[in-house]
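# An overview of the molecular structure
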Amino acid sequence: MSASTKRVVDASGVVKEYGDGATKFRALRGVDFHAHEGEFVILSGPSGSGKTTLVSILGCVLSATAGQVRILDEVITGVPEAELPKLRLAYIGFIFQGHNLIASMTAQENVALMLALRGWNSVDASKEAARLLSLVELGDKLANLPADLSGGQRQRVSIARCLAGNPPIVLADEPTASLDAQTGQLVTELLHNLAKKRGHTVVTVTHDNRIYHFADRIVHIEDGMILATEKGNPP
Amino acid sequence: MTSLEHRSPPKAFAPAGIRWRTMITIAWRMMFHNKLKMAGTLIGVVFAVVLSNQQAGTFLGLIKKNTMFVDYSGADLWIVRPSTLTLQASKPMGIAALYTARATPGVAWAEPLIYGGAAIQLPAGGSEPVQFVGTSAPRFAGGPWNVVAGTRESLMRPNTMIFEDSERERLGGLNLGSVREVNGTKVQIGGITWGLLPFGPSFAFAEYELARRMLRVDPDQTHFVLLGLEPGASADAVKRSIMAHSPDLKVVGREEFRGMIISFLLRRSPIGITFGTSTVFALIVGFVIVSLSMFSAVVDNIREFGTLKAIGATNGDLAKIVVTQSITFALMGSLIGLALITRIAAAIRSPKLAVQLPPQMLLGTTVVMVLMCVAASSLAVLRLRKVEPGMVFR
């Protein structure tokens, strides 16, 4: 990533501890991490290494015990918990391993919901949701409930939802874990395009080494620390 | 991804109106998505509505049985003995009260009323009690109403009485023209009423003089005096004027007399406690069912609620979902429950039991159900506050 692109995520010395006293557990031990606009970064590591904790902190879902996290020009560490939803709406789009769509709402409504939370009126939100679903080639599935979609289609709805409102950062948690190889490849290409064609900063947690080559950087975490960073080989 | 697009800054946090609309939509979608759970919760509300209205309506029906005579008497004021606590047979008062009333400014009319117990001889032997009322012709204040056979004016014929339809069989198969002996006097049946069945024996009506003789009340005495006021006359002024002339008597208004009867009933009988307990029990059972159903629905959808939190919904937003659902359950359950209880009340309506469902009670039930369901959802709201958005990463 060239030095001229904007640094969107900048975390330094991030510590996260759970529990108290004898049960205290340190999930992150002073992590430094950054990501630029338009960059596709993969976080890799074994289970319990701390990568999900790091993504949760970057996503304003968890507060760090120590250290500093800056998103664009705003320091998000130390922000009261009640304010975190506003930060998430302002900066973050999420893609979850289990898709996490609202089962009772159609594909279009799931996407429009994200826009409504960001202040769009219902008419504009519906139109934009339809447009975003077309972008992920689901323009003919607007009225389908998640149960009527395949795993890959659900994940693409999830991607459309994460794009709704154009958040600068996309955080994806094991987005290909529940997909077959071909669909996983397709979803990863979509994520890659989010970074390269739309300028989102995409941070993906994955064990799936089949998609490593799409990344600009692969950051290896283990035991709450970044062990190594290697360059990917994006297309 | 079909084209290169540039990011634009995200829009602001949604204003309250949009957040409410969004949460209401989610609430309804979640509710109607799980129809079985929705039916379970609705059953709880419907149960509470039907049972509480049935109990409260029956209670009001019993109250009405005891106050209907005062309601239908046509009198604005009643002159009673000071010891009077309710409408029941009592020692007579001097007839002078009648003339005092008639001479009082503001009084349009005043009529005496005989009110006491009598016994009707049955053709097969034995006797049955009736609540015997003597009313003055031609006004018939405190006289029969709901006359479904014969006429009220038949009382002006010698030795003629009017009896209650629902008690005809018990009183020996009464029909128009039947002759029976009441308190030792042979009388003919000149009319039949419907629904004039108080707590005790049914009403039986005779013309005032006949009733007075049959109950052996002296001519210078009567049980009650009923008064009608001239238009615009002050009831208080009339009361004060009569009581100034007859300090040994009491004058009560219609509403005041109703209140005395209800108060007497509640103090001297267990019906208030009995029906009150049943009504509260119905509300408690409904509360528990709704509370558990809503909590269970939240637990079932906990991951969706976690997702909503993760993508930017606040605790307040999630509370809006649950509160919307609870209000919807209350309104739907009230609608179904009130439709049911209205039909049930109509089906079981009889002179012996007429469940009363006044509009105020139906509206009040809906308000109580809304409050009950919102309170019942508080457990679910508390559970939602503990949902961590981070759960979606696990």
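Residues numbered from 1 in each chain as written. Chains lettered and ligands numbered in written order. Predicted model: local features only at pLDDT ≥ 70, side-chain atom pairs only at ≥ 80, totals over all residues. Heavy atoms only, no water.

### A closer look at the nonpolar core
F33, L43, I159 and L191 of chain A together with L308 and I321 of chain B are the most contacted members of the largest nonpolar core, which totals 120 residues. Judged by nonpolar contacts, the second largest core, of 37 residues, contains L77, I79, L171 and I189 of chain B. (Core = buried A, V, L, I, M, F, W, Y, C linked by side-chain atoms within 4.5 Å. Buried < 20%, exposed > 50% of the residue type's maximum accessible area, 1.4 Å probe, protein only.)

### Quick word on the packing of aromatic side chains
Here the structure, examined in full by the defined rule, presents 14 aromatic pairs over all chains. A ring pair is formed by F94 of chain A and F96 of chain A, whose centres lie 5.6 Å apart and whose planes are at 10°; its orientation type is stacked. The same class applies to F94 of chain A and to F96 of chain A, which are both buried. Ring plane angle 40° and centroid distance 5.1 Å describe the contact between F69 of chain B and F203 of chain B, whose orientation is recorded as tilted. Separated by 134 residues along the polypeptide, F69 of chain B in helix α2 (residues 35-72) and F203 of chain B in strand β9 (residues 203-207) bring together distant segments of the chain. (Phe/Tyr/Trp six-rings, centres within 6.5 Å; stacked < 30°, edge-to-face > 60°. Helix = DSSP H or I, 4+ residues; strand = E, 2+ residues; numbered from the N terminus.)

### Looking at the state of the cysteines
All chains considered together, the criterion is met by zero disulfides over all chains. Just so you know, C60 of chain A is unpaired, no disulfide at all, and the nearest cysteine sulfur is the one on C162 of chain A, 15 Å from it. (Disulfide = S-S within 2.5 Å.)

### A closer look at the interface of chain B and chain A
Taken together, the contacts link 38 residues of chain B with 45 residues of chain A. Summed over both partners, the interface of chain B with chain A comes to about 3800 Å²; 63% of that surface belongs to carbon and sulfur atoms. A salt bridge links R29 of chain B to E109 of chain A; the shortest N-O distance between them is 2.3 Å. Summed over the shared surface of chain B and chain A, the result is six residue pairs in polar contact (both at pLDDT 80 or more). Breaking the side of chain B that touches chain A down by element, the ones donating at least two residues are α1 (16-33) and α8 (302-310) of chain B. Sort the elements by how many residues they give to the side of chain B that touches chain A and α1 of chain B lands first, with nine residues. Per-class residue counts for the side of chain B that touches chain A are 18 nonpolar, 11 polar and nine charged. (Contact = heavy atoms within 4.5 Å. Buried area = accessible area lost by both parts, 1.4 Å probe. Salt bridge = Lys/Arg side-chain N within 4 Å of Asp/Glu carboxyl O. Polar contact = N/O pair within 3.5 Å; in protein donor to acceptor, adjacent residues only side chain to side chain. Nonpolar A, V, L, I, M, F, W, Y, C, P; charged D, E, K, R; others polar.)

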